[in-house]
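Fold and geometry: a report
Each chain, written out:
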Amino acid sequence: MDRAEGLWGRLHIDASLVGSVMVMCLLGTVVLYSASEQSSEVVVKQLIRLGIGFVAMLGVAQISPRTLSRWVPVIYLLGLVLLVMVMFVGTGRGAQRWLDLGFVRFQPSELMKLAVPLTVAAFLSEKVLPPQPSTIAVSVLLVLVPAALIVKQPDLGTAILVASSGIFVLYFAGISWRFMRNSALLGLAAAPLAWFAMHDYQRRRVLTLFNPEQDPLGAGYHIIQSTIAVGSGGIYGKGWLNGTQSHLEFIPERATDFIFAVYCEEFGLVGVVVLLIAYALIIARGIRIAVEAQEMFGRLVASALTLTFFIYIVVNMGMVTGQLPVVGVPLPLVSYGGTSLVTILIGFGILMSIQTHRIFHAQS
Amino acid sequence: MKSLPTLRNVDTERRLFQTRVIVACAFMGVLVCVILGRLVFLQVINHGHFTTLSHENRLKIVPLSPPRGVIYSGDGVVLAENRPSFDLVVVPENAPEIDATLRELASLLSLREEELERFSRQVRHSRRFEHVTLRSDLTPEELAIFSVNRFRFPGFFVEAGLSRHYPLAEATAHVIGYVARISQPDLDSIDQANYSATTHIGKTGIEKSREESLHGQVGYQKVEVNAQGRILRVVERTAPIPGADLHLTLNVGMQTTAIEAMAGRKGAVIAIDPATGGILVFASTPSYDPNAFVNGIGRTLYRSWSTSAERPLFNRALQGQYPPGSTVKPFVALAGLEFGTRQADQQTWCPGWYSLPGTTHRYRDWLKRGHGHVDLEHSLAQSCDVYYYKLAEELGIERLHQMLARFGLGQITGVDVPGEGAALLPSPEWKRRTRNLPWYPGETLIAGIGQGFMLTTPLQLAYATSILATRGEAMVPHFLAQIEGGEEQPPIQADIYRRASVDLDDDKHWDIVIAGMHAVVHGATGTARASGAGSPVLFAGKTGTAQVYGVAQDVDAKTQEVPDHLKDHALFIAFAPLDMPRIAIAVVVENGGGGSSVAAPIARRLIDEFFAEDEPDPVSSDG
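Nothing here was measured: the structure is a model prediction, and the numbers come from that model.

Here we take up helix H18 (residues 428-435) of chain B. Residue and element names in this part refer to chain B. Turning to H18, its buried residues are Pro428, Trp430 and Lys431. Around the axis of H18, the buried residues are gathered within 160° of arc, so they sit on the same side. Packed against the buried residues of H18 are helix H17 (397-406) and helix H19 (441-448). Just downstream of H18, Asn436 is the residue with a positive phi angle, here 55°.

Structure representation (structure tokens):
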């Protein structure tokens, strides 16, 4: 028996993944410089966060998947406790999402973005697959409890992302199509209920999607302006730092959630295709790691995390191009902002751990 | 492997997983195509259209905040208004080397350390490219100094606006409340588009409960900007709809009198128009200056208020919980009459103490030598405790609770300011539920004189008194008289405040109890006869002296030296005139001593002022 060979392998680094992530981050920083009105301060802050994220990523990659699967239920339980604590002693803008630990402010829902899929994977990989109904029931519970707590904060966007990352694990574990179809139908039937449970501002966001002119000061304005930015970019874009929509401040939140609008305006369709290819490289690598993984835990985690990463991209792009309601989901690796960036990079660290901890039976 | 019912087949699992991966890839492919399709639609097919739009997009929409509604008292005094103000604000992202700039500014405008700390805290919590206020309401000198030096402070600028001001400050703080900067939790409860230009929101009092009426509707203007983003001209303007003005029932003249009469003591004075439920006086003393909160209160000041033993921020009228003491006796008497336990002329022997049959514990009367033979009227006039010990014992706690609950004691009244306290009307069921203990007979006795577990807020006492005054009409106490302006408002119907009336089996019972309360102030032996003498109108009242702590048996409390904070609370409830009452009053003076000597004179001053206003000739008293 032998471990993965080579320097990279010994350092538990997956060179092609790190390489494509770095390319992506570089691209992101270039856009951010433009989107932040050429603020070097913002760029430096983002680079510092990237640095922290990379260190965390490399650190996590050193932990073997076995150790991870053993410890992740503990982290999950800790996350649940923290989520409950947030309800009582949480702070934050707009909603109670943050825990102030004195030296650092911390968002437990961010922890759950990883803890939920990993826990479900750890649980399922011990069972016979495709999972039995009782196993499915427990997994669904594992997903819904934290999701419900996050909805309470209220942070619908994050709750949906956390829930879907857990559901993806179930999907990859092979729950039957019929079960999925029935759940989806049930979900559709419950949609009107969700409508009544929504906050006013959330309903307005959904309505605005269909009729942006209705709400020219609120979310509708965001959609109108970002659509103009995207459309006026054309095939080749207006060029870096030349987006009028961006620099005349027509695009709101242009360094964070709407940074894709800035990108589309300045780099056009060609730029978007480049961006999508860069993302595709990362995703392809993630899928490959999943397929090559030797144990079920690794497969489930790698595939679910990769698919979740993809969903982030689609939700953000859908929002900016006016196809999805405005939910606060950043464009991964590009948007300005710390916590979710670090989470995503830690996720890649887990992928690298899965890839580099494989055991090779002696052949050579 | 573990002992599983079915053996896992590694190959099947792997194949299944690979199928799933292929389907997922296909799914991703479809979604990417949807996104790309949309981008082609926007960027290729409709590119011309959007290019035109973006060229024409020199128009920006700037929200305009609506001026907040003004609040007036019933006698036409302005209680909350908007004053022009100039604030020094910063967009941190546009201010390079903000720390150095701040140090420079600090010496120029003598910014305090505390302000700088608060500011840097706000910067940390602010959203990107959000305006953060460094100092609100600049003085003309500060404005001039900054304007001259403005070029030295990139990212800093002066914003003109309106600032909320409360002319009566302390006197109405516990009614009006105050506005302060919109906090993040506030954002969830409001329509954010409508508040896009608003910086302040009601935090307590009327400002909070009537936020929706007071705020108004945001307006906006379309402005043309040049390539650098500077505003060239206003193209179109949709004016904001100003917030509605509110007229309250509060009478500033009487409010001021009540506060004067409290003379620095802690407590609450409430007066209600029993016919409508409109609150005329709502004083909680000591009070605080709400203006300090509007633009962010300094930490030192806040700490001094929040840690003060006087507790000026505490709304005693709304949230203070006091044993009602003897002021509960009219309601207990009513229970005795209604349940047939007592007749008006039935006499009880009062030797100065009472014991439960078969026990030796003596429940003392406030008058050590006893009141002798007392009937219902005298029991109220002289506030005989033994009469009510015995009556409560015979009634039992359940029936006592039932009657007191009908007058709203121990329940939220539903007044239109937030944060009302419920206080407590005890029952055996309550005691079992919260303490898991049985109810003891002795507790019924002391409940009969408004002691023990029983707690009421001053507002509840006033409300109960108003029900008594109108012989059963229950009108929810409220401040709002009229909403003027703003969006279309239906006029307020008086009936929205009407609750189910308290109906008695025999209406004569009202008269009996009211006669007893009349004897309290106008009878020869009434406990508040000093406050009744020479009154412009005949009125009814009841004194109360609530013990703060238990005095050991057979020890004369009066001879003991008691620290101030353990002294009895002084209470008084009253209404006037006897027929067709127009004012119902509750006075609570914390650690004030006796109800008759301290609380009753305060109510009398209010009655004098109230009837002096429209009936200059005092009615000759015949009581």
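A separate point is the packing of aromatic side chains. How two aromatic rings sit relative to each other is set out by the distance from centre to centre and by the angle between their planes. Tallied over the full model, the rule gives 24 aromatic pairs over all chains. Judged by centre distance (6.2 Å) and plane angle (85°), the ring pair of B:Phe293 and B:Tyr302 falls under edge-to-face. Taking NZ or CZ as reference, B:Arg20 lies 4.4 Å from the ring centre of A:Trp177, over its face.

A few words now on the packing of helix H16 (residues 385-395) of chain B against H17(B). All names here are of chain B. Between H16 and H17, the shortest axis-to-axis distance is 6 Å and the interhelical angle comes to 105°. In this view, H16 runs roughly perpendicular relative to H17, as classed from their interaxial angle. From H16, Ala392, Glu394 and Leu395 reach across to H17, where they touch Ile397, Arg399 and Leu400. Here the residues of the contact of H16 with H17 are counted per class, giving 4 nonpolar, no polar and 2 charged.

Moving on: the side chain of B:Ser284. Residue and element names in this part refer to chain B. As for its placement among the helices and strands, Ser284 is situated in strand E12 (residues 279-285). At a separation of 3.4 Å, a polar atom in the side chain of Ser284 contacts the main-chain carbonyl oxygen of Phe314. Within the structure, the side chain of Ser284 is placed 2.8 Å from the backbone nitrogen of Arg316, a separation counted as a polar contact. Setting aside residues no more than four positions away along its own chain, Ser284 makes contact with His174, Gly267, Ala268, Phe314, Asn315, Arg316 and Ala317.

Close contact between helix H12 (residues 259-292) of chain A and helix H1 (residues 10-45) of chain B brings their axes to 12 Å; oriented N to C, the two are set at 175°. Classified by the angle their axes make, H12(A) and H1(B) are roughly antiparallel. On H1(B), the residues that touch A:Phe260, A:Cys264, A:Gly268, A:Leu269, A:Val272, A:Val273, A:Leu276, A:Ile283, A:Ile287, A:Ala290 and A:Val291 of H12(A) are B:Arg14, B:Phe17, B:Gln18, B:Val21, B:Cys25, B:Met28, B:Val32, B:Leu36, B:Leu39, B:Val40, B:Gln43 and B:Val44. Looking at the contact of H12(A) with H1(B) residue by residue, the classes come out as 19 nonpolar, 3 polar and 1 charged.

Time to look at the pattern of salt bridges. Residue and element names in this part refer to chain B. Overall, the coordinates contain 27 salt bridges over all chains when judged by the stated rule. Where Arg68 meets Glu211, a salt bridge forms, and the shortest distance between an N and an O atom there is 2.8 Å. You can see Arg68 sitting in the loop between strand E1 (59-64) and strand E2 (71-72) and its partner Glu211 sitting in helix H9 (residues 211-215), a full 143 residues away along the chain. Residue classification places Glu211 among the buried positions, given a relative accessible area of 9%. The shortest N-O distance in the salt bridge between Asp608 and Arg604 comes to 2.8 Å. One end of the pair, Asp608, and the other, Arg604, are both in helix H23 (residues 595-614), 4 residues apart, so they sit about a helical turn from each other. For Asp608, a relative accessible area of 27% gives the class partly exposed. Residues joined by salt bridges that share partners form a network here, namely Arg68, Arg164, Glu207 and Glu211.

On to the nonpolar core, then. By size, the foremost hydrophobic cluster in this structure holds 130 residues, and its most contacted members are B:Leu248, B:Phe282, B:Phe407, B:Phe479 and B:Phe572. With 9 residues, the single largest contributor to this core is H23(B). Not counting residues up to four positions away in its chain, the partners in contact with B:Phe479 are B:Val175, B:Ile206, B:His247, B:Leu248, B:Thr249, B:Leu250, B:Ile279, B:Phe282, B:Val415, B:Asp416 and B:Val417. If you look at the next biggest cluster of nonpolar residues, it comprises 112 residues, including A:Val21, A:Leu80, A:Cys264 and A:Ile282.

Residues and elements named next belong to chain B. Strand direction decides the pairing type here: E2 and strand E3 (residues 78-90), joined by 2 bridges, are antiparallel. Residue pairing for E3: Ile71 is matched across the bridge by Ala80. In this structure, the hairpin formed by E2 and E3 is closed by a connection of 5 residues, where Gly76 is found at a positive phi of approximately 80°. As paired elements, E3 and strand E5 (residues 156-165) share 10 bridges and run antiparallel to each other. Note on E5: the bridge partner recorded for Val90 is Phe156. Relative to strand E4 (residues 132-135), E3 runs antiparallel, the two being bridged by 3 bridges. The residue of E4 that forms the bridge with Val90 is Val132.

A few words now on the sheet that holds strand E22 (residues 583-589) of chain B. All names here are of chain B. The 5 strands lie next to each other as E12-E11-E22-E21-E20, forming an open sheet whose pairing is antiparallel. Both outer strands of the open sheet, E12 and strand E20 (540-546), are each paired with one neighbouring strand and no more. In this sheet, neighbouring strand axes are inclined to one another by 5° on average, regardless of whether the strands run parallel or antiparallel. Relative to E20, helix H21 (residues 508-522) is tilted by about 75°, and along the sheet it contacts E20 and strand E21 (569-576).

Analysis parameters
- Residues numbered from 1 in each chain as written.
- Chains lettered and ligands numbered in written order.
- Predicted model: local features only at pLDDT ≥ 70, side-chain atom pairs only at ≥ 80, totals over all residues.
- Heavy atoms only, no water.
- Buried < 20%, exposed > 50% of the residue type's maximum accessible area, 1.4 Å probe, protein only.
- Helix = DSSP H or I, 4+ residues; strand = E, 2+ residues; numbered from the N terminus.
- Arc of directions from axis to C-beta.
- Contact = heavy atoms within 4.5 Å.
- Phe/Tyr/Trp six-rings, centres within 6.5 Å; stacked < 30°, edge-to-face > 60°.
- Lys NZ or Arg CZ within 6 Å of the ring centre and 35° of its normal.
- Axes fitted to C-alpha atoms, helices over the stretch in contact; angles between N-to-C directions.
- Parallel < 35°, antiparallel > 145°, perpendicular 65-115°, else oblique.
- Nonpolar A, V, L, I, M, F, W, Y, C, P; charged D, E, K, R; others polar.
- Polar contact = N/O pair within 3.5 Å; in protein donor to acceptor, adjacent residues only side chain to side chain.
- Salt bridge = Lys/Arg side-chain N within 4 Å of Asp/Glu carboxyl O.
- Core = buried A, V, L, I, M, F, W, Y, C linked by side-chain atoms within 4.5 Å.
- Pairing = 2+ DSSP bridges.

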